[in-house]
Amino acid sequence: MIISVPATSANLGPGFDSLGLSLSLRNRVHIQPSKFFSVSIKGEGANNPRLKGNNLFINIFNDHYTHLTGKRGVFRFRFYNQIPLSRGLGSSSAVIVSAIASAYSAAGVNISRRKLLNLALHYEHHPDNITPAVMGGFNVSVVENNKVYSQRKRIPGYLKAVVVIPDKPISTAHSRTTLPRSYRKDDAIYNLSHSSLLTACFFNESWEMLRIAARDKFHQVARMKNLPELFDVQKLAIENNVLMSTLSGSGSTFFNMVYKEDAKPLLEKFQARFPSFRCAIFDFDNDGVLFRD
Ligand SMILES: Nc1ncnc2c1ncn2[C@@H]1O[C@H](COP(=O)(O)OP(=O)(O)O)[C@@H](O)[C@H]1O
Ligand SMILES: N[C@@H](CCOP(=O)(O)O)C(=O)O
């Protein structure tokens, strides 16, 4: 069995805990029944001893496999990870989604994307990463009564993501504790209205208006202060007329969306100005989680 899940960029500026999209950067896991439990990791996390044993994936997989079959299976897990950990590209969501999907696949039980998404919500209570990780594309999602309600839109191939990935891990859980517990009414209205406009821009493909819509007053500035170079990243992006430039999730990655002909020139400017940061161009993903026998 092979399960793959895309990276995700959440919040997208004003859409805190609600808006997110998926990128063509994936974690893949090969699972085979085996006489002995084994884990191998290639790519991101390969040198992280914490991930070799009972990591987040294995714990979630075992919970669901045991629930489905009444027994603890013994498997060989081979991970091929492209998603950097704790960089605001949804690595935790990718693991949660792939672990549940893998358990159902290993148990021979079909699962709908909607059910998979609602099960993933038990592990990550903000739906803005898990929803695009499951569904693919641009997603707007809300939680009511422990269920995710969402709408998705495919992202056209003439758009590209240009991301700047500093070598600074940010724990999402810790980052969330540093945000304000309450907001001024004016700021709440600002984010509500900009998030609504940004959603409409994606559904109507009104890409130019994203330059206004993708502004935030809830979380970005507070988080960017942890790595002030990010203000320079966003300034350079805006000077180069990108469609949107937002902190990816809780960071440290900065996400920029451009027309495909503008991607390489912007990448080269980022690489010249921020040589110590990883910079890359990614297509958008519209598939979400993929199952293969
Ligand atoms: N490939 C992986 N295998 C196992 N656990 C992982 C993997 N990727 C991420 N994780 C778990 O998710 C945590 C990172 O989650 P988080 O802080 O939300 O970062 P991100 O911004 O990437 O979502 C890691 O500390 C680890 O516990
Ligand atoms: N809405 C969340 C999104 C976290 O995304 P991640 O990729 O950093 O896990 C938040 O901003 O805390």
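Residues numbered from 1 in each chain as written. Chains lettered and ligands numbered in written order. Predicted model: local features only at pLDDT ≥ 70, side-chain atom pairs only at ≥ 80, totals over all residues. Heavy atoms only, no water.

In the annotation of an unreviewed UniProt entry, the chain is listed under the name Homoserine kinase and assigned to Hydrogenimonas thermophila. According to UniProt, the comment filed for the chain under the heading Sequence similarities (unreviewed entry) is "Belongs to the GHMP kinase family. Homoserine kinase subfamily." As its UniProt record puts it under Function (unreviewed entry), the chain is described as follows: "Catalyzes the ATP-dependent phosphorylation of L-homoserine to L-homoserine phosphate." (UniProt positions renumbered as here; feature names shortened; annotations may be inferred.)

Visitor: Can you help me understand the sheet that holds strand β10 (residues 278-282) in this one?
Guide: Across a sheet, paired strands are connected by hydrogen bonds in the backbone, their directions being either parallel or antiparallel. The sheet built from 4 strands is open, its strands ordered β8-β9-β7-β10 with antiparallel pairing. Unpaired on one side and paired on the other, β8 (244-247) and β10 mark the two borders of the sheet. The mean angle between the axes of side-by-side strands here comes to 20 degrees, regardless of whether they run parallel or antiparallel. Pairing analysis gives 4 bridges linking β8 to strand β9 (residues 254-259), with the strands arranged antiparallel. Within β9, the position partnered with S245 by the bridge is N256. Sitting on the sheet, helix α10 (residues 260-273) is in contact with β7 (159-165), β9 and β10, with an inclination near 140 degrees to β9. (Pairing = 2+ DSSP bridges. Helix = DSSP H or I, 4+ residues; strand = E, 2+ residues; numbered from the N terminus. Axes fitted to C-alpha atoms, helices over the stretch in contact; angles between N-to-C directions. Contact = heavy atoms within 4.5 Å.)

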